[in-house]
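Okay, here's what each chain looks like letter by letter:
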Amino acid sequence: METALTRLVGVRHPLVQTGMGWVAGPRLVSAVAEAGALGVLGSATMTVDGLREAVREVKSRTDAPFGVNLRADAGDAGDRVRIVVDEGVRVASFALAPSRELIAELKEAGVVVMPSVGARRHAEKVAAWGADAVLVQGGEGGGHTGEVATTVLLPQVVDAVDIPVVAAGGFFDGRGLVAALAYGAAGVAMGTRFLLTSDSTVPDPVKARYLAASVRDVTVTRAVDGLPHRMLRTDLVDALERSGRLSRLLHAVRRAAAFRKLSGLSWPGMVRDGLALRHGKDLSLSQVLLAANTPMLLRSAMVDGRTDLGVMAAGQVAGVIDDLPSCAGLVERIVKEAEEVLEGLRASR
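Attention in this report is confined to the structure presented alongside it. Bear in mind the structure is a predicted one, so any value in this text is a computation, not a measurement.

### Some details on the overall build of the protein chain
Summing up its helical and strand segments, the protein chain has 16 helices and 11 strands in all. Partitioning the contacts of the protein chain with sequence separation of at least 6, the portion at a separation of at least 24 is 61%. Within the structure as shown, the protein chain displays about 15,100 Å² of accessible surface, and the carbon and sulfur contribution to it stands at 51%.

See below:
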């Protein structure tokens, strides 16, 4: 299924696996790439040296194109960009809009720049700065998310920019891919659907919790870091929402200390990164500090398998997913479904 996305990044199918922290590691990314889709390493939870090692491991597993997801506002963003350039990574995606200068640096090195956005005005801004494509996530998506549904946000962005648009939030099958293409998108990006594959390194008990969830078990909460975060509702999420501000802050400081040790960041560096999360939002200092909850709470579930101590970011599609195919099997199935839907539409004319 050739689209503007497949031509731009050199993959066979217009499908993107999002750069999920603790989840999108070398095994998952290389499996997605081998299946003909675009796999994206989630680097926000990696050290700089760990990112280089992860990139090289993916390259040892596949010759197919892949990407790296970066935080444009991180204190060591420049070092991570140099790794992307030096190692010949095909795509740089961003959780937040990169600067005009950063986009220019990557484009000059031949790297495709694909920021993620949640609003039309953000898409217009990065397109004007030279971004090659944009990934737009609607409110159905997992992790940090907005309030506007994909079916409303996507056509706004498609109409506003003249670069390829990748749709995220609510996609899991071939019908969704066809719907996104009909809106004018060049492909779809999926996080939860690729998390729930046999190639994902997420522990089996955690995958079982996802598979058992209904649509009603997926919620949006601000209790983790002060920003809207879509995840599975668990006893821990309920407890965080019931706890007082001081209690949450004390827990956040302890987790920040643990994340500092894992990430190699200094305390001043963590504070700078935390302050950068404000981005004009009306967040208190306590909420900024609570941002330290996110990486460690996600790690507890996604790496350690402790669903009682961690949180599980989830798109609403978690409630309709009931199997764990391989990445190759999933991509093949989605493309086949999409082709069958398109053929059915032609036949019904």
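That covers the picture; the talk isn't over yet.
### Things to note about the nonpolar core
Formed by 83 residues in total, the largest nonpolar core has its most connected members in Leu15, Leu41, Tyr210 and Met302. Broken down by element, this core gets its largest block of residues, six residues, from helix α16 (residues 327-347). Residues Val11, Val16, Val91 and Leu135 belong to the second largest nonpolar core, which totals 15 residues.

### Structural notes on unusual backbone geometry
Positive phi values are uncommon outside glycine, yet tryptophan 22 reaches one of about 70°. Relative to the helices and strands, tryptophan 22 resides in the loop between β1 (15-17) and α2 (26-34). You can call tryptophan 22 buried: its relative accessible area is 18%.

### Quick look at the pattern of salt bridges
Applying the stated criterion to the full structure yields 17 salt bridges. A salt bridge links arginine 7 to glutamate 2; the shortest N-O distance between them is 3.1 Å. Note on accessibility: arginine 7 and glutamate 2 belong to one class, exposed. When the shortest N-O distance is used, the salt bridge between arginine 193 and aspartate 323 registers 3.0 Å. Of the two residues, arginine 193 is situated in helix α9 (residues 192-195) and aspartate 323 in the loop between α15 (293-302) and α16; the sequence distance between them amounts to 130 residues. Residue aspartate 323 is classed as partly exposed on the basis of its relative accessible area, which comes to 23%. Overlapping salt bridges, with partners in common, bring together Arg52, Arg56, Lys59 and Glu87 in one network.

### Examining the sheet that holds strand β10 (residues 218-221)
Pairing is antiparallel in the open sheet, where three strands are placed in the order β7-β11-β10. Of all strands in the sheet, those with a lone pairing partner are β7 (143-144) and β10, marking the two edges.

### Focus on the pairing of strand β8 (residues 165-168)
Residues Val165 and Ala167 of β8 are buried on one face, and the alternating residues Val166 and Ala168, pointing to the opposite face, are buried as well. Sheet topology places β8 next to strand β9 (residues 187-190); three bridges connect them, and they run parallel. Within β9, the residue paired with alanine 168 across the bridge is alanine 189. Each parallel crossover has a hand, and the one from β8 via helix α8 (residues 174-183) to β9 is right-handed.

### Points about the pairing of strand β4 (residues 91-94)
Here β4 shows no split at all, with Val91 and Ser93 on one side and Ala92 and Phe94 on the other all buried. Taking the sense of rotation as the criterion, the β-α-β connection linking strand β3 (residues 66-70), helix α4 (residues 77-86) and β4 turns out right-handed. Judged from the four bridges that link them, β4 and strand β5 (residues 112-117) form a sheet pairing that is parallel. When the bridges of β5 are listed, phenylalanine 94 appears paired with proline 115. Assessed by its sense of winding, the connection that carries the chain from β4 through helix α5 (residues 100-108) to β5 is right-handed.

Rules behind the numbers
Residues numbered from 1 in each chain as written. Predicted model: local features only at pLDDT ≥ 70, side-chain atom pairs only at ≥ 80, totals over all residues. Heavy atoms only, no water. Helix = DSSP H or I, 4+ residues; strand = E, 2+ residues; numbered from the N terminus. Contact = heavy atoms within 4.5 Å. Areas by Shrake-Rupley, 256 points an atom, 1.4 Å probe, with all protein chains shown as cover. Core = buried A, V, L, I, M, F, W, Y, C linked by side-chain atoms within 4.5 Å. Buried < 20%, exposed > 50% of the residue type's maximum accessible area, 1.4 Å probe, protein only. Salt bridge = Lys/Arg side-chain N within 4 Å of Asp/Glu carboxyl O. Pairing = 2+ DSSP bridges. Right-handed = clockwise from strand over helix to strand, strands pointing away.

Geometric values such as these leave the question of function open.
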